[in-house]
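# What the coordinates show
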Amino acid sequence: MRIVIASGKGGAGKTCVTASLADVWGAPLVAVDTDAEAPNLHLFLPPQITEKKTAFLDVPNLAPEKCVHCEKCRNICTYKAIASFAGRITLFPDMCHGCGGCFAVCPSDALIHAERELGELCRGTVLEGSVRFLMGRTRIGESMTPPLLRQELKLLADMLDAVPGDALIDSPPGVSCPAVTVAREADLILLVVDPTPFGFHDFRLAHQAFLPIGRPMAAVINRAGADGNAEGDEAVRRYCREKNLPLLAELPFEREAAEQYASGRLLAELSPAWRTRFENLRDALLAMEAPHAAKETNHA
Amino acid sequence: MREIVVISGKGGTGKTTVSAAFAHLAQNKVICDLDVDAPDLHILLDPNIRETHAFVSGHKARIRHDACLSCGRCAALCAFDAIRLHDDGYAADPLRCEGCGVCAHLCPAKAIDLEEQHCGDWHISDTRFGPMVHALLFPGQENSGKLVSLLKAEARSLAREQGLDTVLCDGSPGVGCPVISSLSGASLAVGVVEPTPSGRHDFRRVADLCRHFRVPLAVIINKADLNEDEADAMAEDCRKNGDVLLGRLPFDPVVTRAMVERKALTEFDNPVGNRLKDMWSALQNLNVRR
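Analysis parameters
Residues numbered from 1 in each chain as written. Chains lettered and ligands numbered in written order. Predicted model: local features only at pLDDT ≥ 70, side-chain atom pairs only at ≥ 80, totals over all residues. Helix = DSSP H or I, 4+ residues; strand = E, 2+ residues; numbered from the N terminus. Buried ≥ 20, exposed ≤ 12 C-beta atoms within 10 Å, placed from the backbone. Contact = placed C-beta atoms within 7 Å. Nonpolar A, V, L, I, M, F, W, Y, C, P; charged D, E, K, R; others polar. Core = buried A, V, L, I, M, F, W, Y, C linked by C-beta atoms within 7 Å. Domains from an automatic or database assignment. Pairing = 2+ DSSP bridges. Axes fitted to C-alpha atoms, helices over the stretch in contact; angles between N-to-C directions. Parallel < 35°, antiparallel > 145°, perpendicular 65-115°, else oblique. Left-handed = near helix turned anticlockwise from the far one by under 90°.

### Observations concerning the overall build of chain A
Along its length, chain A carries 10 helices and 11 strands. The dimensions of chain A, computed from C-alpha atoms along their principal axes, are 70 × 45 × 40 Å. When each of the 300 residues of chain A is scored for burial, the buried share is 50%. At a minimum sequence separation of 6, the contacts of chain A that also span at least 24 residues come to 76%.

Rendered as structure tokens:
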């Protein structure tokens, strides 16, 4: 089962929950960080990296001697990555989305396949080799995150094909293209909710954004029971009830928990009570798997 | 005119909390929420919407089954794996379609339409702190970078029209397309960071991004007492890199309380708000006008 841990709002606790769940999972698992603009899972699950590779996007480069100036490439490019000045084709590879349209229409083989560096993909293991690890990290200055994420998710599929297991996938924040790129590969989406006014607002946005994907969703409240915010907690519970969104756990607000996180340690290692909370959350997630697993069998 | 953008790298470090305080303190400004993906500033500022405009950007492919020859060329060409064969013929998955239009251009039967996308709405509003430009991308929509550029252009022109000299922007997390658009043309970035392993890692990336685009950076270490050693290390990073350290804020429940009461921290007397006032004054002495 591929579980995507998402949130809408940044800082809700996605990475915290992912890392501690990985710690208690106890079955073949890949821990995946797809928050490629700000990847943090490796800071809580220090990996043994076994493979690091640079990821590239296939972009065009011009062979001017072959160009017949038909401008077909410019006309098909919707991203303004190809311009024509004074009868000369000029390329802006940073704007390219890699759709391949220019290659498809060039009548004279004047476009050569070149590469734009998107970032890096790292593979390895965490938790004394017991859990496989995968992380993407964008290059600073690269504006497009989804192409790297698509390659990362492809790599994850290969890893799960090679050695079957579950995947816990730490998602990018927000509800636009990076988050949706990851969420649509999920078998189950777990929304980590910060029950503050900001967190509740962004949680609802995330829930609405992911509904069309048509995968089961569940929620977990992080930092529940904060002083003076009983209403915030209750608002999340009420929303979950109204939307039939299973609320699998409420992780309490504790200064010690914030400090544990701030020192880079796992919440599941803070105390037996915290460990039990994550074991219960794991069991609740696995209990949701059953219907989907049956569907997978039908596919096969 | 000066343009100040509040960013963080990591989400949840306190960008919007700081932005709201600065929006309260700044004179002669337009407020702009550039976190179009998950905007929160309006929750504190309670804007009175004056104008609403549709944000139409990008396209999605739609295959007309009556004209489709089922040749499969579109599916073979699609670099995003968005076109698949279903029981009733080929169809483009709107969640995967990037709107590049290659399929429509090259369909031999001209059976593919590119439909313009209404991705969200943007607004010009009045708030108790002054005029505000903000937006909301519809859930799951794309082109956040373009919307950020549009909001900034609108905020600048509003400032010019009303003779205001500051545009104050709440940014989005990460270092990707919306953040890069936010930094374009900015006179100063304010980095709100937290002294956690994640906060420090992501702050380094956003600091690199500011250097990459030559935008000066001033730093606020939020929740500093959660890990004083890490906060010291971050202060040292600032010194080494020549970034301005505006100061530190404590981890204090008053921040959540202010949010619950829909107030900026500087609107009532509390230690965090008072420090933010000092930081705003310090910021006035930085030479960031352009």
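### Comments concerning the overall build of chain B
Counting its regular elements, chain B contains 10 helices and 11 strands. Counting only C-alpha atoms and orienting by the principal axes, one finds that chain B spans roughly 70 × 40 × 35 Å. Within chain B, the proportion of its 290 residues that are buried is 54%. Across chain B, contacts joining residues at least 24 apart in sequence account for 76% of those joining residues at least 6 apart.

### As for the interface of chain A and chain B
At the interface, 53 residues of chain A touch 52 residues of chain B. The biggest single contributor to the side of chain A that touches chain B is helix H7 (residues 197-210) of chain A, with seven residues. Across the side of chain A that touches chain B, the residue classes tally to 23 nonpolar, 24 polar and six charged.

### Structural notes on the nonpolar core
Counting 105 residues, the largest nonpolar core has Ala 31, Leu 168, Leu 191 and Val 220 of chain A as its most contacted members. In this view, Leu 191 of chain A contacts Ala 6, Ser 7, Phe 203, Ala 206, His 207, Met 217 and Ala 219 of chain A; residues no more than four positions away in its chain are not counted. If you look at the next biggest cluster of nonpolar residues, it comprises 75 residues, including Phe 55, Leu 147, Val 175 and Cys 238 of chain B.

### Describing the domain arrangement of chain A
On domain assignment, one finds that chain A holds domain 1 (2-45 + 127-299) and domain 2 (57-116). Between the C-alpha centres of domain 1 of chain A and domain 2 of chain A there is a distance of 40 Å.

### Considerations on helix H9 (residues 255-262) of chain A
Among the residues making up H9 of chain A, those that are buried are Gln 260, Tyr 261 and Ala 262 of chain A. Packed against the buried residues of H9 of chain A are helix H1 (14-24) of chain A together with helix H8 (228-241) of chain B. Phi turns positive one or two residues past the end of H9 of chain A, at Gly 264 of chain A, with a value near 80 degrees.

### What to know about the sheet that holds strand S11 (residues 247-252) of chain A
Residue and element names in this part refer to chain A. The strand order S3-S6-S7-S2-S8-S1-S9-S10-S11 describes an open sheet built from nine strands, whose pairing is mixed. Where the open sheet ends on each side, the last strands, each with one partner, are strand S3 (48-62) and S11. Taken pair by pair, the neighbouring strands of this sheet meet at an average axis angle of 20 degrees, ignoring direction. Pairing of strand S6 (residues 111-126) with strand S7 (residues 131-138) involves eight bridges; the strand directions are antiparallel. Bridge pairing links Glu 120 to Arg 137 in S7. In the packing of H1 onto the sheet, contacts are made with strand S1 (2-6), strand S2 (29-33), S7, strand S8 (166-170), strand S9 (188-193) and strand S10 (217-224), and the angle to S8 comes to roughly 160 degrees.

### Things to note about the sheet that holds strand S11 (residues 244-248) of chain B
Residue and element names in this part refer to chain B. In spatial order, the strands read S3-S6-S7-S2-S8-S1-S9-S10-S11; together these nine strands make up an open sheet with mixed pairing. Of all strands in the sheet, those with a lone pairing partner are strand S3 (48-63) and S11, marking the two edges. Averaged over neighbouring strand pairs, the angle between their axes works out to 20 degrees when direction is ignored. Both strand S2 (residues 29-33) and strand S7 (residues 130-137) contribute to a ladder of two bridges, which runs parallel. Paired with Cys 32 across the bridge in S7 is Val 133.

### Quick notes on the packing of H7 of chain A against helix H8 (residues 230-242) of chain A
Residue and element names in this part refer to chain A. Interhelical geometry of H7 versus H8 gives an angle of 15 degrees and a closest axis separation of 10 Å. One element, H7, and the other, H8, form an angle in the roughly parallel class. Crossing of H7 over H8 shows right-handed handedness. In contact with Pro 197, Phe 200 and Arg 204 of H7, H8 contributes Gly 232, Ala 235, Val 236 and Tyr 239. When the residues that make up the contact of H7 with H8 are grouped by side-chain class, the tally is five nonpolar, one polar and one charged.

### Examining unusual backbone geometry
Residue and element names in this part refer to chain B. Even without being glycine, Asn 28 reaches a positive phi, approximately 50 degrees. Within the secondary structure layout, Asn 28 lies in the loop between helix H1 (15-25) and S2. Positioned with a positive phi, Lys 110 is a non-glycine residue whose angle comes to about 50 degrees. By secondary structure assignment, the location of Lys 110 is in the loop between helix H4 (102-106) and strand S6 (112-127). The exposure class assigned to Lys 110 is exposed, which follows from the 11 C-beta atoms found within 10 Å.

### Brief notes about the environment of Met 279 of chain B
All names here are of chain B. Assignment of secondary structure puts Met 279 in helix H10 (residues 271-284). Met 279 sits 59 residues away from Ile 220 along the chain, and the two C-alpha atoms are 8.4 Å apart. Not counting the four nearest positions on each side in its chain, Met 279 is found in contact with Ile 220, Leu 246 and Gly 247.

### Notes on the domain arrangement of chain B
If you check the domain split of chain B, you get domain 1 (2-46 + 128-284) and domain 2 (60-118). Look at where the C-alpha atoms of domain 1 of chain B and domain 2 of chain B centre, and you get two points 41 Å apart.

### A look at the packing of H1 of chain B against H10 of chain B
Residue and element names in this part refer to chain B. The N-to-C vectors of H1 and H10 enclose an angle of 65 degrees; their axes lie 10 Å apart at closest approach. Helix-helix and strand crossings are classified by hand; for H1 and H10 the assignment is right-handed. From H1, Val 18, Ala 21, Phe 22 and Leu 25 reach across to H10, where they touch Gly 273, Leu 276, Lys 277 and Trp 280. A per-class count over the contact of H1 with H10 returns six nonpolar, one polar and one charged.

### With respect to the pairing of S6 of chain B
Residues and elements named next belong to chain B. Inspection of the sheet shows S3 paired to S6 by 13 bridges, in the antiparallel sense. Residue pairing in the sheet places Ala 54 in a bridge with Asp 121 of S6. In terms of strand pairing, S6 meets S7 through eight bridges, oriented antiparallel. Looking across to S7, one finds that Asp 121 is bridged to Leu 136. What sits between S6 and S7 in their antiparallel hairpin is a turn of two residues.

### Comments concerning H1 of chain B
The element H1 of chain B is extensively covered by neighbouring structure, given that 11 of its 11 residues are classed as buried. All buried positions along H1 of chain B are accounted for by Lys 15, Thr 16, Thr 17, Val 18, Ser 19, Ala 20, Ala 21, Phe 22, Ala 23, His 24 and Leu 25 of chain B.

### A few points about the environment of Gly 145 of chain B
Tracing the backbone through its elements, the reader meets Gly 145 of chain B in helix H5 (residues 144-162). Along the primary structure Gly 145 of chain B and Val 179 of chain B are separated by 34 residues, whereas in three dimensions their C-alpha atoms are 7.6 Å apart. Each residue touching Gly 145 of chain B, except ones within four places of it in the same chain, is listed here: Ser 143 of chain A together with Cys 177, Pro 178, Ile 180 and Ser 181 of chain B.

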